[in-house]
Amino acid sequence: MRRAVRALVVHDGHLLVMHRNKFGEQYYTLLGGGVDLGEDLVPALMREIQEEAGIELASPQLVLVEEAGVPYGNQYIYQCQYVRGTPQLHTDSEEAKIHALGQNLYTPMWLPLSELPKVRFRSEKLKQAILHGLQHGFQQPPQIIHTA
């Protein structure tokens, strides 16, 4: 089964997200991506964040696992502390190359937390779990969300 990692980062009342405009379908999602064969989850997370946003994060803690089924697999969501940087696609990333074609757009950005309940998120169940966790704290062991 495919595995992916996602970063849950809050800074100054904003959530780090990727705004997607996928051939006209617009939504938001957490930054992250696939884990390579033999790669550990946390190094994969840090690699993906560098590719998709070019920012520095610290103290990753697994807080949610989304069982998203085929083709997405299990999504491991890590709450991280923001250290520094301005979200922008790395010019050599797969996302930047796709974005440059102009039909399938990736825009990393800070979304005001007050807007999160109102926006279309890739997984509504994940959005609700994020909102609940940010308001009430994330449980340990991490909550498993079934979205498949």
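This text follows the structure it describes.
Just so it is clear, the structure is predicted and the values come from calculations on it, not from any experiment. (Residues numbered from 1 in each chain as written. Predicted model: local features only at pLDDT ≥ 70, side-chain atom pairs only at ≥ 80, totals over all residues. Heavy atoms only, no water.)

Student: I would appreciate a short explanation of the side chain of E66 in the present structure.
Tutor: Relative to the helices and strands, E66 resides in strand β5 (residues 56–67). Although buried, E66 forms no salt bridge, and the nearest oppositely charged side chain, R6, lies 6.3 Å from it. Residues in contact with E66, not counting those within four places in the same chain, are G73, N74, Q75, I77, S123, L126, I145 and T147. (Helix = DSSP H or I, 4+ residues; strand = E, 2+ residues; numbered from the N terminus. Buried < 20%, exposed > 50% of the residue type's maximum accessible area, 1.4 Å probe, protein only. Lys, Arg positive; Asp, Glu negative; His and termini not counted. Salt bridge = Lys/Arg side-chain N within 4 Å of Asp/Glu carboxyl O. Contact = heavy atoms within 4.5 Å.)

Student: Before we go on, may I ask you to explain the pattern of salt bridges in this structure?
Tutor: Working definition: two side chains of opposite charge can pair if their charged atoms are close together. Applying the stated criterion to the full structure yields nine salt bridges. Taking the shortest distance from any N to any O, the salt bridge between R120 and E25 comes out at 2.8 Å. Highlighted residues: R120 in the loop between β7 (104–112) and α3 (124–136) and E25 in strand β3 (residues 25–29), separated in sequence by 95 residues. Using a relative accessible area of 45% as the deciding quantity, one classes R120 as partly exposed. Here E25 falls in the partly exposed class, since its relative accessible area comes to 31%. E56 serves as the salt-bridge partner of R84, at 2.1 Å between the closest nitrogen and oxygen. With R84 in strand β6 (residues 74–84) and E56 in strand β5, this pair connects stretches of sequence that are 28 residues apart. A residue is classified by how much of its surface remains accessible, and R84, at 48% relative accessible area, is partly exposed.

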